[in-house]
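Inside the fold
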Amino acid sequence: MHDIILEKKVMAKNDEVAARNRELLRGARIFSINLVSGPGAGKTSIIEKSTPYLKAAIGPIAVIEGDLETDLDAKRLSKCDIPVKQITTGKTCHLDALMIEKALPWVLEQKAARLLIIENVGNMVCPAEYDLGEEMLVTVLSTAEGDDKPLKYPAIFSKADVLIINKADLTAHTDFNIDSARANALKINPGLKVFETSCYTGAGIEEWTGFLSSVAINYSTTKSGV
Amino acid sequence: MHELSIAKNIFELIDAEMIKCGAKELKSLKVRIGELTAVDPEALRFAFDSCILNTHMQGAAIIIEEVALTGWCAECAREFAIIDYSNICPHCNCTSIERLTGTELDIISMEVF
């Protein structure tokens, strides 16, 4: 019998593919974001509300839509006049880098796309372990949930670059305390950039898209030709 | 329940390593799971046991080493245990924290015949 030291990363294969995805997107000067949240926090609505601003500021957008079943969200987004590629994961509760790799030829076919939005499967646990090759991880939390969620699901908040607190217009009707949610998230990840939005009133969408646009534009000018 | 996908990753990695060293049977493997990963050790154990049923790894034990979060403060240059995932230095209250341990998801070793 032998005891063999391996010291290998369990996620090595995913991470290698994610690195390739990142290189490919960088080479094509496409900025990419990975949008994650629990089910029903409003990821699709945020995309719907954000795209007019993002298209005007950054240029053409492509969306990869991840769902367990159905292409309902893809159909919804198609109405926004943006190309959408649906990935139906079946029983898998997250997108992984290999699924994105398969969809990248489609992304590159989209004329002059400058921004790729990947909407992950609604789940706050599993997507945290899977780097897709994105440049920015955006976690969405809605006021219809608990303001202690960052403490309950620390992995997804600790890795995020941006936190969007959505459905801000509902706070009058819930026990959700935006200041507590913000403080809980910042305790885990002091570098988080936090936005409050309402897809119902449109509040905060300009601030969030303004931030994303400035980062994406800066990226495409500094990373061009990589 | 992404532990099943992770268990499959582990299965594939171990399978490749067993082929590499000509091993026929797996007695045990050791993995390291950090506190901040989104992996539940018991769910992973259950998923791995399901993955190895009726394979050459059947009966192998998965030994899980859980690693607590620790950090290092760049301001006061001290190491400390991170409590409740807080990325704020308990000594000087600054946020220039580097996580030292607690984010691992590694296969440490395997015992084979």
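Let me begin by describing the structure that accompanies this report. (Residues numbered from 1 in each chain as written. Chains lettered and ligands numbered in written order. Predicted model: local features only at pLDDT ≥ 70, side-chain atom pairs only at ≥ 80, totals over all residues. Heavy atoms only, no water.)

**Considering the packing of helix 1 (residues 12-27) of chain A against helix 4 (residues 97-109) of chain A**
All names here are of chain A. As a packed pair, helix 1 and helix 4 sit with axes 9 Å apart at the nearest point and diverge in direction by 20°. Our classification of the angle between helix 1 and helix 4 gives roughly parallel. The interaxial crossing formed by helix 1 with helix 4 has left-handed handedness. Mapping the contact onto sequence places Lys13, Asn14, Val17, Ala18, Arg20, Asn21, Leu24 and Leu25 in helix 1 and Ala97, Leu98, Ile100, Glu101, Leu104, Val107 and Leu108 in helix 4. By residue class, the composition of the contact of helix 1 with helix 4 is ten nonpolar, two polar and three charged. (Axes fitted to C-alpha atoms, helices over the stretch in contact; angles between N-to-C directions. Helix = DSSP H or I, 4+ residues; strand = E, 2+ residues; numbered from the N terminus. Parallel < 35°, antiparallel > 145°, perpendicular 65-115°, else oblique. Left-handed = near helix turned anticlockwise from the far one by under 90°. Contact = heavy atoms within 4.5 Å. Nonpolar A, V, L, I, M, F, W, Y, C, P; charged D, E, K, R; others polar.)

**A few points about the pattern of salt bridges**
Within this structure, the stated rule accounts for 19 salt bridges over all chains. The partner of Arg26 of chain A in a salt bridge is Glu23 of chain A, and the shortest N-O contact between them spans 3.9 Å. Of the two residues, Arg26 of chain A and Glu23 of chain A are both situated in helix 1; the distance of three residues between them amounts to about one turn of the helix. Judged by relative accessible area, which is 45%, Glu23 of chain A ranks as partly exposed. Between Glu17 of chain B and Lys20 of chain B there is a salt bridge, with the nearest N and O atoms lying 3.2 Å from each other. Of this pair, Glu17 of chain B and Lys20 of chain B both sit in helix 1 (residues 3-21), separated by three residues, roughly a single helical turn. Judged by its relative accessible area of 63%, Lys20 of chain B is exposed. Connected through shared salt-bridge partners, Glu7 and Lys9 of chain A together with Arg32, Glu65 and Asp106 of chain B make up one network. (Salt bridge = Lys/Arg side-chain N within 4 Å of Asp/Glu carboxyl O. Buried < 20%, exposed > 50% of the residue type's maximum accessible area, 1.4 Å probe, protein only.)

**Digging into the state of the cysteines**
This structure, assessed with the given rule, holds zero disulfides over all chains. In this model Cys80 of chain A remains outside any disulfide bridge; the closest cysteine sulfur is found in Cys199 of chain A, 11 Å from its own. Left without a disulfide partner, Cys92 of chain B is nearest to the cysteine sulfur of Cys94 of chain B, which lies 3.6 Å away. Classification of Cys92 of chain B as partly exposed rests on a relative accessible area of 32%. (Disulfide = S-S within 2.5 Å.)

Any functional reading would require information beyond the geometric quantities listed.
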